[in-house]
Amino acid sequence: MTDVFEGKVCIVTGGSSGIGFAVSEALLKRGAAVYIVGIPAESVNAAKEKLAAYKNARYAVVDVSCYEDVQKTVDDAVVEFGRLDYMFNNAGLGATLQFETATLEYWKKIIDVNLWGVIYGVHAAFPVMAKQGSGHIINTASIAGLLAPPYQALYCASKFAVVGMTEALRYEHEYRGIAFSTVCPGNVATPIFGPLEPPKDAISAEEAAQIILAGVEQKEGLIIFPESVKQMYLALRADQEKIDVVMKEMAETRRKAYATGGKYY
């Protein structure tokens, strides 16, 4: 049986590390041509070395907060392959911090990458897919784009926007043959945790990639994982009082962690 991704042309932003790298590698294994987009250059070069066996891999050092660079990557893919089948707008920054410590410059950095980076990717890829009459745009948000954990106001602001935008586009353009999916991970063991050790319940990036691609194959609108997080979300969504209890407990835990200098997530 032919793999759904075989021979397809894909772009993965944030593709040189974490979930993006795992998705890129999985796509290459399944016969896709993949543009692996990331920063800094050292990260892209490291990915190139790891994936040297795959001749259908392409690499680009791109800051997704720069529209011209994103557009050039899409243009390059179309010039070389004549089409673009999958656009994974995956690049993102984490942000768990006390609101009063967040500068406006940091707000801008988070919004520029997590939201504008996705907008730029959609804006660049959509005309190509509309002309083809086919394509799939996959935007990475977070479970924090569906629920609002305390101490993540900046992150939630960007990720809720990604979820809302992608869901609206999904319904708006289904008739064109263009699919939209939102990826909403819980804890995944990636560099997004910075100097902290990932939580014990974090799944591997490789496992996350398999879940994402399975959801993309089925053209799922919301791809929420791991399963424990998905079930928690579904349960909490039906009961606002439960959301209040969980979030208040999390707020207290994180407040104490900040006060004592301990670890927090």
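Residues take numbers from 1 onward in each chain, read along the sequence in its written order. In view of the model being predicted, local features appear only for residues whose pLDDT reaches at least 70, and side-chain atom pairs are presented and counted only at 80 or more, with totals across whole chains, interfaces and linings using the full set of residues. Excluding hydrogens and water, the side-chain values take into account all heavy atoms of the structure.

Enquirer: Honestly, the packing of aromatic side chains in this entry has me stumped. Any pointers?
Expert: To describe a pair of aromatic rings, you give the distance between the ring centres and the angle between the ring planes. Between the rings of Phe, Tyr and Trp (Trp by its six-membered ring), a pair exists once the centres lie within 6.5 Å; its type follows the angle of the planes, with under 30 degrees stacked, over 60 edge-to-face, and the other angles tilted. Across all of its chains, the model carries six aromatic pairs by this definition. Centroid distance Phe99 to Trp107: 6.4 Å. Interplanar angle 75°. Geometry classified as edge-to-face. Relative accessibility under 20% of the residue-type maximum defines a buried residue, over 50% an exposed one, and the middle range a partly exposed one, all with a 1.4 Å probe and only protein chains included. Of the residues examined, Trp107 reaches a relative accessible area of 22% and is grouped as partly exposed. An aromatic cluster of at least three residues, connected via ring pairs, comprises Phe5, Tyr86 and Phe88. The rule for a charge over a ring is simple: NZ of Lys or CZ of Arg within 6 Å of the ring centre, and within 35 degrees of the ring normal. Looking at Lys50, its charged tip hangs above the ring of Phe21, at a distance of 5.4 Å from the centre. The ring of Tyr171 carries Arg170 above its face, with NZ or CZ at 4.5 Å from the centroid.

Enquirer: Please explain helix α4 (residues 104-132) as it appears in this structure.
Expert: Working note: α-helix, 3.6 residues per turn, so residues spaced by three or four point in the same direction. Helix and strand assignments come from DSSP, with helices taken as H or I runs of at least 4 residues and strands as E runs of at least 2, each series counted from the N terminus. Each residue after the first adds 1.5 Å to the expected span of a helix. Taking 1.5 Å as the rise per residue, α4 with 29 residues should run 42 Å; its terminal C-alpha atoms sit 40 Å apart, in good agreement. The axis of α4 is deflected most strongly, by about 35°, at Trp116. Following α4 by one or two positions, Gly133 adopts a phi angle in the positive range, close to 80°. Note that the bend at a residue is defined as the angle between axes fitted to the seven residues ending at it and the seven residues starting at it.

Enquirer: Please explain the sheet that holds strand β1 (residues 9-13) as it appears in this structure.
Expert: By way of backbone hydrogen bonds, the strands of a sheet pair with one another, either parallel or antiparallel. Two strands form a pair only when DSSP identifies at least two bridges running between them. Read across the open sheet, the seven strands follow the order β3-β2-β1-β4-β5-β6-β7; overall the sheet is parallel. Unpaired on one side and paired on the other, β3 (57-61) and β7 (222-225) mark the two borders of the sheet. Averaged over all adjacent pairs, the angle separating strand axes in this sheet is 15°, with direction ignored. Sheet topology note: the strand β6 (residues 178-185)/β7 ladder contains four bridges and is parallel. Looking across to β7, one finds that Pro185 is bridged to Phe225. Its contacts with the sheet place helix α2 (residues 41-50) against β2 (33-38) and β3, and it is angled at close to 170° to β3. Every axis in this analysis is a line fitted to C-alpha atoms, fitted for helices over the stretch in contact. Angles between the N-to-C directions lie between 0 and 180 degrees. Note on definitions: a residue-residue contact is assigned when non-hydrogen atoms from the two residues lie within 4.5 Å.

Enquirer: I'm lost on the pairing of β6 in this one. Help?
Expert: Consecutive side chains of a regular strand alternate in pointing toward one face of the sheet and then the other. Where burial is concerned, most of β6 is hidden: eight out of the eight residues are buried. Going residue by residue along β6, you find Ile178, Phe180, Thr182 and Cys184 tucked away on one face and Ala179, Ser181, Val183 and Pro185 tucked away on the opposite face as well. Across six bridges, the pairing between strand β5 (residues 135-140) and β6 is parallel. By the bridge assignment for β6, Gly135 is matched with Ile178. At this point the chain moves from β5, through helix α5 (residues 153-173), to the parallel β6, and the crossover so formed is right-handed. Seen with its strands pointing away from the viewer, a crossover is right-handed if its path from the first strand over the helix to the second goes clockwise.

Enquirer: Sorry if this is basic, but what is going on with the side chain of Ser142 here?
Expert: Topologically, Ser142 is positioned in the loop between β5 and α5. Among the residues examined, Ser142 registers a relative accessible area of 6% and is labelled buried. Two N or O atoms count as a polar contact when they lie within 3.5 Å, although within protein this holds only if one can serve as hydrogen donor and the other as acceptor, and sequence-adjacent residues are included solely when both atoms are side-chain atoms. Within the structure, the side chain of Ser142 is placed 2.9 Å from the backbone nitrogen of Ala144, a separation counted as a polar contact. Among residues more than four places away in sequence, those in contact with Ser142 are Tyr155, Lys159, Val183, Cys184 and Pro185.

Enquirer: How do you make sense of the pattern of salt bridges when you look at a structure like this?
Expert: Oppositely charged side chains can pair when the atoms bearing their charge come close. For this analysis, a salt bridge means a side-chain nitrogen from Lys or Arg found within 4 Å of a carboxyl oxygen belonging to Asp or Glu. Under the definition given, this model contains nine salt bridges. Salt-bridge contacts for Glu167 lead to Arg170; the nearest nitrogen and oxygen are separated by 2.9 Å. You can see Glu167 and its partner Arg170 sitting in helix α5, three residues apart, about one turn around the helix. Judged by its relative accessible area of 18%, Glu167 is buried. One continuous salt-bridge network, built from bridges that share partners, spans Asp3, Arg30 and Glu217.

Enquirer: Help me understand the pairing of β3, please; the structure alone is not making it clear to me.
Expert: Sheet topology note: the β2/β3 ladder contains five bridges and is parallel. Note on β3: the bridge partner recorded for Val37 is Ala60. As a crossover connection, the stretch from β2 through α2 into β3 is right-handed.

Enquirer: Sorry, what's going on with the packing of helix α1 (residues 18-29) against helix α6 (residues 205-217) here?
Expert: The packing of two helices is summarised by the inter-axis angle and the distance between the axes. Closest axis-to-axis distance for the α1/α6 pair is 8 Å, and the angle between their directions is 60°. One way to sum up the angle between α1 and α6 is to call them oblique. Where α1 crosses over α6, the handedness of that crossing is right-handed. Residues Gly18, Ile19, Ala22, Val23, Ala26 and Leu27 of α1 form the contact with α6, whose own contacting residues are Ala205, Glu206, Ala208, Ala209, Gln210, Ile212 and Leu213. In what follows, roughly perpendicular refers to angles from 65 to 115 degrees, roughly parallel to angles under 35, roughly antiparallel to angles over 145, and oblique to any angle outside these ranges. If you view the pair so one helix is near and one far, a crossing is left-handed when the near helix is turned anticlockwise from the far one by less than a right angle, and right-handed when it is turned clockwise.

Enquirer: Help me out: how do you make sense of the environment of Tyr120 in this one?
Expert: Locating Tyr120 in the fold gives a position in helix α4. Residues Tyr120 and Cys66, 54 residues apart in the sequence, show an inter-C-alpha distance of 8.1 Å.

Take it as geometry only, folks, not as evidence of what the structure does.
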